[in-house]
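Structural description and commentary
The lines below spell out each chain.
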Amino acid sequence: MFRNIYYNLVAAYIGFMALAITLNAHVTSDVIDVVLTIATFTFAIFLAFSVSIQSNRLNNIRKLLRASDAHLLTLYLLSKQLGVATQSRCRKMIDELLVTQIDYKLHDIEYTTHKVVELQQFVFSIKPKNERQSTLFSSMISSANDIMEGHKDLIHSVNNKVLPIEWGVLTVLSLVIWFCLYSLNDGTTFALVVIPLLSTAFLLLLLILREMNSLRWQEKHWDWDPLISLFKELALKPYFPAPVFTEKRLTKKDIKEIGPYRVATYPKPYPDFTGKKVKTIKQK
């Protein structure tokens, strides 16, 4: 994802440079100096506040997802002690849950609640045959309940986005800063280099906040890598939607060591999964 930001920044810098060459206003005004100082100071405070909230949000989402992974793996391992049929059924339902959650974008996680309910009901339907199985059953019930609780917390966390009014404030402040910078442009080499750099730096900060808000910031490390590990631990082939690769959120190089994996293609626009096709890719 950072590669996309990099390309955007290069294009933005070229655009800001062209604008600096074109506009040589060189307006000398104490008012512009004061406005630039106030706008920059306010922008820094507001942006730091927003980034801090989104950083905490990402950390909480990461913890909730990894806790869910642990509970799912625990369910699978416990089901091994309850017979081959129970183990097979449990793994199948966990796979269906993970696949459904991956099909949907993370901010639409609420639409996968029915799969969490199905898994929970399956666990509740298990009938232990002896005291040992009863003990294992109690642990499975606890894990299933924790998965549901974590799922509800996750729904709340993913919906804690940057509000439109916050984006509006940041956008207005950015425009004011850019206007003041270019008003001070005197056409010197120093101005032609520094003003586009400063303008691009402000844009970079906004892009980072956007990626954090959309839950795409460094998602390979906190989302996809742990998911791949979980699929492997469950003796399942990792599963990916094709858009993950077309949008460059992952590359084939990122997954070249994972062995066989599944890729889903969707003939209809999101979130209509009608006609979805899943293909297994075999790697050497």
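Above this text sits the structure in question.
Parameters at a glance
- Residues numbered from 1 in each chain as written.
- Predicted model: local features only at pLDDT ≥ 70, side-chain atom pairs only at ≥ 80, totals over all residues.
- Heavy atoms only, no water.
- Helix = DSSP H or I, 4+ residues; strand = E, 2+ residues; numbered from the N terminus.
- Core = buried A, V, L, I, M, F, W, Y, C linked by side-chain atoms within 4.5 Å.
- Buried < 20%, exposed > 50% of the residue type's maximum accessible area, 1.4 Å probe, protein only.
- Contact = heavy atoms within 4.5 Å.
- Phe/Tyr/Trp six-rings, centres within 6.5 Å; stacked < 30°, edge-to-face > 60°.
- Lys NZ or Arg CZ within 6 Å of the ring centre and 35° of its normal.
- Salt bridge = Lys/Arg side-chain N within 4 Å of Asp/Glu carboxyl O.
- Pairing = 2+ DSSP bridges.
- Axes fitted to C-alpha atoms, helices over the stretch in contact; angles between N-to-C directions.
- Parallel < 35°, antiparallel > 145°, perpendicular 65-115°, else oblique.
- Nonpolar A, V, L, I, M, F, W, Y, C, P; charged D, E, K, R; others polar.

**Description of unusual backbone geometry**
Following Tyr270, the chain continues into Pro271 via a peptide bond in cis, with omega recorded as 5°. Relative to the elements of secondary structure, Pro271 occurs in the loop between strand E2 (261–265) and strand E3 (277–281). A positive phi is found at Ala235, a non-glycine position, where the angle reads about 60°. Residue position: Ala235 is located in the loop between helix H8 (219–233) and strand E1 (239–241).

**Focus: the nonpolar core**
Leu72, Leu75, Ile94, Leu98, Leu119, Leu234 and Phe240 are the most contacted members of the largest nonpolar core, which totals 44 residues. Elements with a contribution of two residues or more to this core: helix H2 (30–79), helix H3 (84–103), helix H4 (113–125), helix H5 (131–158), H8, E1, helix H9 (243–246) and E2. Each residue touching Leu119, except ones within four places of it in the same chain, is listed here: Leu72, Leu75, Met93, Ile94, Leu97 and Ile147. Counting 39 residues, the second-largest nonpolar core is a separate cluster that includes Leu36, Ala39, Leu64 and Tyr182.

**Considerations on the packing of aromatic side chains**
Across all of its chains, the model carries 12 aromatic pairs by this definition. Taken together, the aromatic side chains of Tyr104, Tyr111, Tyr266, Tyr270 and Phe273 make up a single cluster linked through ring pairs. Cation over ring: Lys105 sits above Tyr270, and NZ or CZ is 4.8 Å from the ring centre. Over the ring of Phe245 we find Lys252, and its NZ or CZ is 5.4 Å from the ring centre.

**Looking at the pattern of salt bridges**
Considering all chains together, one arrives at 11 salt bridges under this definition. A salt bridge links Arg262 to Asp95, with the shortest nitrogen-to-oxygen separation between them at 3.0 Å. Of the two residues, Arg262 sits in strand E2 while Asp95 sits in helix H3, which places them 167 residues apart along the sequence. Overall, the relative accessible area of 14% leaves Asp95 in the buried class. Between Glu219 and Arg249 there is a salt bridge, with its nearest N and O atoms 2.7 Å apart. One end of the pair, Glu219, is in helix H8; the other, Arg249, is in the loop between H9 and E2, with 30 residues separating them in the sequence. Taken as a pair, Glu219 and Arg249 share a single burial class, namely buried. In the salt-bridge network here, residues are joined through shared partners; they are Lys92, Glu96, Lys115 and Glu118.

**Side note on the environment of Ile53**
Tracing the backbone through its elements, the reader meets Ile53 in helix H2. With 50 residues separating them in the primary sequence, Ile53 and Asp103 have C-alpha atoms 27 Å apart.

**Some words on the sheet that holds E1**
Overall, mixed pairing links the 3 strands, which are arranged E1-E2-E3 in an open sheet. Here the strands that pair on one side only, and so sit at the sheet edges, are E1 and E3. Strand-to-strand twist across the sheet, computed as the mean angle between neighbouring axes with direction ignored, equals 25°. As paired strands, E2 and E3 are joined by 5 bridges and run antiparallel to one another. Across the sheet, the residue bridging to Tyr261 is Ile281, located in E3. H3 contacts E1 and E2 of the sheet and is inclined by roughly 25° relative to E1. Its contacts with the sheet put H8 on E1 and E2, and the angle it makes with E1 is roughly 140°.

**With respect to the packing of H2 against H8**
Close contact between H2 and H8 brings their axes to 11 Å; oriented N to C, the two are set at 0°. With respect to H8, the element H2 is oriented roughly parallel. Residues Leu58, Ile61, Arg62, Leu65, Arg66, Asp69, Leu72, Leu73 and Tyr76 of H2 touch H8, and the partners they reach there are Trp222, Asp223, Pro226, Leu230 and Glu233. Taken together, the residues of the contact of H2 with H8 sort by class into 9 nonpolar, no polar and 5 charged.

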